[in-house]
Amino acid sequence: MQAFTDLATAAYCPRKLYYRRLRDEFDVPDRVASIRNLAFRYGELLDPTSDLHAEPIAVTPTDYRSNLGRSKARLDRWADLVDPLETRVFLRGKDANGIAHKLLAEPAVPVIVSPGEPPERGVWEPHAVWATAAAKALSWERGETVKSAYVEYPAHGVVRRVRMTTRRKAVYRKALRTADSIDGPPPRLRNDSRCRSCAYLDECGTKTRSLRSRLSL
């Protein structure tokens, strides 16, 4: 049985998952928790009289409310996202289990909250894997089809829907196989931007080169 977070990490970098398991480091940093907490306060944050300057947002207050306003106008389940049926729900599936930060009702849909920055369109692949894992676990628990999930990026006021397509399920299964197979350090990534901010860079030994140095070869 794999954890949702392990599958997301496997999709991002299998070697990072190896070091996380080796060190047994799975605590959520305080800053991550404070950013995720924004996702449970959208009504307050949209209030034009509230002061956003002290909040852990990644854009200006004006841009933040504009982003939230667009999410509110675009999503037909906005009211459920603001006031979900349950929060921080543990879901146990056939192959994976873990936390869905919100659970919407009728129809049941899981929500994953990321502290990071959203891509220009859609969601990052590790978040799609986490969302797919949560949707499949919810489907397993309830014996019903779950056709979508949501990923929220509350530091930016952005919410994206993730449909359970054949491709997303295939990527999920690949992450599951990867996480299941790790019993030693997987091959290193090379010259990848993901390595530069990794907490395990020194231990991993992956070398990254600047664009200038690569062009000089």
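Computed from a prediction, not measured in an experiment: that's the story for all the values here.

Draft legend 1. Fine view of the confidence of the model for the protein chain. With 91% of its residues at a pLDDT of at least 70, the protein chain reaches an overall mean of 88. Here helix H11 (residues 211-215) stands out as the element of the protein chain with the lowest mean pLDDT, 35, in contrast to strand E5 (residues 148-153), whose mean of 98 is the highest. Note on residues 208-217: pLDDT is under 50 here. Beyond four places in sequence and across chains, it has 10 contacts.

Draft legend 2. Summary view of the pairing of strand E2 (residues 86-92). Judged from the six bridges that link them, E2 and strand E3 (residues 96-104) form a sheet pairing that is antiparallel. Paired with Leu 91 across the bridge in E3 is Gly 98. Counted between consecutive antiparallel strands, the loop separating E2 from E3 contains three residues.

Draft legend 3. Inspection of the packing of helix H7 (residues 125-142) against helix H8 (residues 166-181) at higher detail. Orientation of H7 relative to H8, taken along the N-to-C sense of each, is 95°, at an axis distance of 9 Å. Judged by the angle between their axes, H7 and H8 are roughly perpendicular. Of the residues in H8, those in contact with Glu 125, Ala 128, Val 129, Thr 132, Ala 133 and Lys 136 of H7 are Arg 167, Arg 168, Lys 169, Val 171, Tyr 172 and Ala 175. Partitioned by chemical class, the residues of the contact of H7 with H8 number six nonpolar, one polar and five charged.

Draft legend 4. Local environment of the pattern of salt bridges. Considering all chains together, one arrives at six salt bridges under this definition. Its salt-bridge partner being Asp 6, residue Arg 21 comes within 3.3 Å of it at the nearest N-O pair. Taken as a pair, Arg 21 in helix H2 (residues 14-23) and Asp 6 in helix H1 (residues 4-12) lie far apart in primary sequence, 15 residues in all. Relative accessible area serves as the criterion here: at 27%, Arg 21 is assigned to the partly exposed category. Using a relative accessible area of 8% as the deciding quantity, one classes Asp 6 as buried. As a salt-bridge pair, Lys 102 and Glu 152 come within 3.0 Å of each other at their nearest N and O atoms.

Draft legend 5. Spotlight on unusual backbone geometry. Of note, the amide linkage connecting Glu 106 to Pro 107 takes the cis form, showing an omega dihedral of -5°. With a phi close to 50°, Arg 88 is a non-glycine residue in the positive phi region. Inspection of the secondary structure puts Arg 88 in strand E2. Phi is positive for Glu 106, which is not a glycine, with a value near 55°. Tracing the chain through its elements places Glu 106 in the loop between E3 and strand E4 (109-113). With a relative accessible area of 75%, Glu 106 lands in the exposed category.

Parameters at a glance
- Residues numbered from 1 in each chain as written.
- Predicted model: local features only at pLDDT ≥ 70, side-chain atom pairs only at ≥ 80, totals over all residues.
- Heavy atoms only, no water.
- pLDDT = per-residue confidence, 0-100.
- Helix = DSSP H or I, 4+ residues; strand = E, 2+ residues; numbered from the N terminus.
- Contact = heavy atoms within 4.5 Å.
- Pairing = 2+ DSSP bridges.
- Axes fitted to C-alpha atoms, helices over the stretch in contact; angles between N-to-C directions.
- Parallel < 35°, antiparallel > 145°, perpendicular 65-115°, else oblique.
- Nonpolar A, V, L, I, M, F, W, Y, C, P; charged D, E, K, R; others polar.
- Salt bridge = Lys/Arg side-chain N within 4 Å of Asp/Glu carboxyl O.
- Buried < 20%, exposed > 50% of the residue type's maximum accessible area, 1.4 Å probe, protein only.

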